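# Coordinate inspection notes
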Amino acid sequence: MSFVGNCGTFTRGYKAMIMDVEFLYHLLYLLICALGLFVHEFFYSLLLFDLVYREETLLNVIKSVTRNGRSIILTAVLALILVYLFSIVGYLFFKDDFILEVDKLPNETLLPDRTEPGETMTGEFLYSDVCKAGSSENCSSIVPSDQLITEEMEEENKEHTCETLLMCIVTVLSHGLRSGGGVGDVLRKPSKEEPLFAARVIYDLLFFFMVIIIVLNLIFGVIIDTFADLRSEKQKKEEILKTTCFICGLERDKFDNKTVTFEEHIKEEHNMWHYLCFIVLVKVKDSTEYTGPESYVAEMIK
């Protein structure tokens, strides 16, 4: 209420109040405070974003993404189109190469429980390292059961992630964009004797150059250039405030070799806070008591 009253929102009407961005910002933070008070304390952590709103440097970081948002979105759409095309090629020609290691959640039902009655002999027969007498196996060449279980678990932890076109798109989009060398870093390493070895090399290189190097760097370049422009604008604004009179616009070098220095001019002759005090006086003073200059200034302010 204090913010709304100080900004004169009540005098501008309810429509202006609803369309005011700062009013909506404070209303959102009031809602977050209510959620933290009545729902859960973790909502209070969202209030830390107020640092971004108050600090101009951090706000420029956000503006570097939002100012040229259209260019970034269009470049991202181009990246999605390329990912879609590479997914189609991978689905048609390199479906068997999409083999990725996964970390499955432990499932106790996969192996028999040796503690239950009746399962002990079965477990001993399947998982014991002892060579069974009377069997036709060669005991000298038996692979230890631990090694067999390890190999089976390694095979179970690998999945084909390109059985459908949708899964190919998800795999290329998720692993391809997050890998430094593109989708070729996560796919199966082909042998040079395979007939599609050359095609696979071209596939990996094209994805690396077109998506990783060109498209992603285009997005990064737009963000970095926008941030540099915002920083230069801020520095230029600060330089103007330091070297130019806020009232008359005269620069510091115009006062060289003059009887009045630039510091005396901006502090005595054209002190901007004196002008602000005069504007406040015009606003709070009764219009029937205006002098000639005060009436003129009040009309110009309107």
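Note that the structure is predicted; figures quoted are calculated from it, not measured.

What the chain contains, in helices and strands, is 14 helices and two strands. Relative to its 302 residues, the chain shows a buried fraction of 20%. Nonlocal contacts in the chain, meaning residues at least 24 apart in sequence, comprise 52% of its contacts between residues at least 6 apart.

Between helix α10 (residues 165–178) and helix α11 (residues 197–243), the shortest axis-to-axis distance is 11 Å and the interhelical angle comes to 70°. It follows that α10 is roughly perpendicular to α11 by the angle criterion. In this structure, α10 contributes V172, G176 and L177 to the contact, and α11 contributes Y203, F207, V211, I212 and L216. Taken together, the residues that form the contact of α10 with α11 break down as seven nonpolar, one polar and no charged.

This part covers the UniProt feature "transmembrane region" (unreviewed entry) in the chain. UniProt annotation of "transmembrane region" (unreviewed entry) refers to residues 27–52, 72–94 and 205–228 when read in the numbering used here. End C-alpha to end C-alpha, residues 27–52 measures 17 Å, and it is 58% helix and 0% strand. Here residues 72–94 is 96% helix and 0% strand, with 31 Å between the C-alpha atoms at its ends.

Attention now goes to the pattern of salt bridges. Once the charged atoms of two side chains with opposite charge are near each other, the side chains can pair. Tallying each qualifying case throughout the model produces nine salt bridges. Its salt-bridge partner being R188, residue D97 comes within 2.5 Å of it at the nearest N-O pair. Of this pair, D97 sits in the loop between α7 (69–93) and β1 (99–101) while R188 sits in the loop between α10 and α11, placing them 91 residues apart in sequence. Classification of D97 by relative accessible area gives buried; the value is 6%. Residue E294 is joined to K285 by a salt bridge in which the shortest nitrogen-to-oxygen separation is 2.8 Å. Overlapping salt bridges bring together D97, R188, E194, R200 and D204 as one network.

All right, on to a nonpolar patch on the surface then. The grouping of F197, V201, I202, L205, L206, F209, M210, I213, I214 and L218 at the surface amounts to a nonpolar patch, some 820 Å² of accessible area in total. Relative to the helices and strands, I202 resides in helix α11.

Taken N-terminus to C-terminus, the directions of α7 and α10 make an angle of 125°; their axes are 9 Å apart at the nearest point. Taken as axis vectors, α7 and α10 run oblique relative to one another. The chirality of how α7 crosses α10 is right-handed. On α10, the residues touching L80, V83, Y84, S87, I88 and Y91 of α7 are L165, C168, I169, V172, L173 and L177. Looking at the contact of α7 with α10, its residues break down into 11 nonpolar, one polar and no charged.

Generally speaking, soluble globular proteins have nonpolar side chains that are buried together. With 19 residues, the main nonpolar core has F98, V172, V183, L187, Y203, F207 and V211 as its most contacted residues. Taken together, the elements giving at least two residues each to this core come down to α7, α10 and α11. Here this core gets six residues from one element, more than from any other, and that element is α11. In contact with F98, not counting residues within four places along its chain, are G90, E159, H160, T161, C162, T171, V172, L187 and Y203.

Further remarks concern the packing of aromatic side chains. The geometry of an aromatic ring pair is captured by the separation of the ring centres together with the interplanar angle, meaning the angle of the planes. Inspection of the entire model under this criterion finds eight aromatic pairs. When the ring of F86 is compared with that of F207, the centres are 5.2 Å apart and the planes differ by 85°; the resulting orientation is edge-to-face. Linking F86 in helix α7 with F207 in helix α11, this pair joins segments that are 121 residues apart in sequence. Each member of the pair F86 and F207 is classed as buried. An aromatic cluster of three or more residues is present, and its members are F86, F93, F94, Y203 and F207.

Evaluated as defined, the whole model comprises one disulfide. Disulfide pairing is shown between C162 and C168; the S-S distance is 1.5 Å. On the sign convention where negative is left-handed, the bridge of C162 and C168, at about 60° about the S-S bond, is right-handed. Each member of the pair, C162 together with C168, is buried.

Attention now goes to the confidence of the model for the chain. Confidence in the prediction for the chain averages 80 pLDDT; 78% of positions are at 70 or higher. Averaged over each element, pLDDT in the chain is lowest for helix α8 (residues 120–127) (48) and highest for α7 (91). Contacts for the low-pLDDT stretch residues 111–119, under 50 throughout, to residues beyond four places or in other chains number six contacts.

Parameters and conventions
Residues numbered from 1 in each chain as written. Predicted model: local features only at pLDDT ≥ 70, side-chain atom pairs only at ≥ 80, totals over all residues. Heavy atoms only, no water. Helix = DSSP H or I, 4+ residues; strand = E, 2+ residues; numbered from the N terminus. Buried < 20%, exposed > 50% of the residue type's maximum accessible area, 1.4 Å probe, protein only. Contact = heavy atoms within 4.5 Å. Axes fitted to C-alpha atoms, helices over the stretch in contact; angles between N-to-C directions. Parallel < 35°, antiparallel > 145°, perpendicular 65-115°, else oblique. Nonpolar A, V, L, I, M, F, W, Y, C, P; charged D, E, K, R; others polar. UniProt positions renumbered as here; feature names shortened; annotations may be inferred. Salt bridge = Lys/Arg side-chain N within 4 Å of Asp/Glu carboxyl O. Patch = residues over 30% accessible without salt bridge, like charges linked within 9 Å, V, L, I, M, F, W, Y side chains within 5 Å. Areas by Shrake-Rupley, 256 points an atom, 1.4 Å probe, with all protein chains shown as cover. Left-handed = near helix turned anticlockwise from the far one by under 90°. Core = buried A, V, L, I, M, F, W, Y, C linked by side-chain atoms within 4.5 Å. Phe/Tyr/Trp six-rings, centres within 6.5 Å; stacked < 30°, edge-to-face > 60°. Disulfide = S-S within 2.5 Å. pLDDT = per-residue confidence, 0-100.

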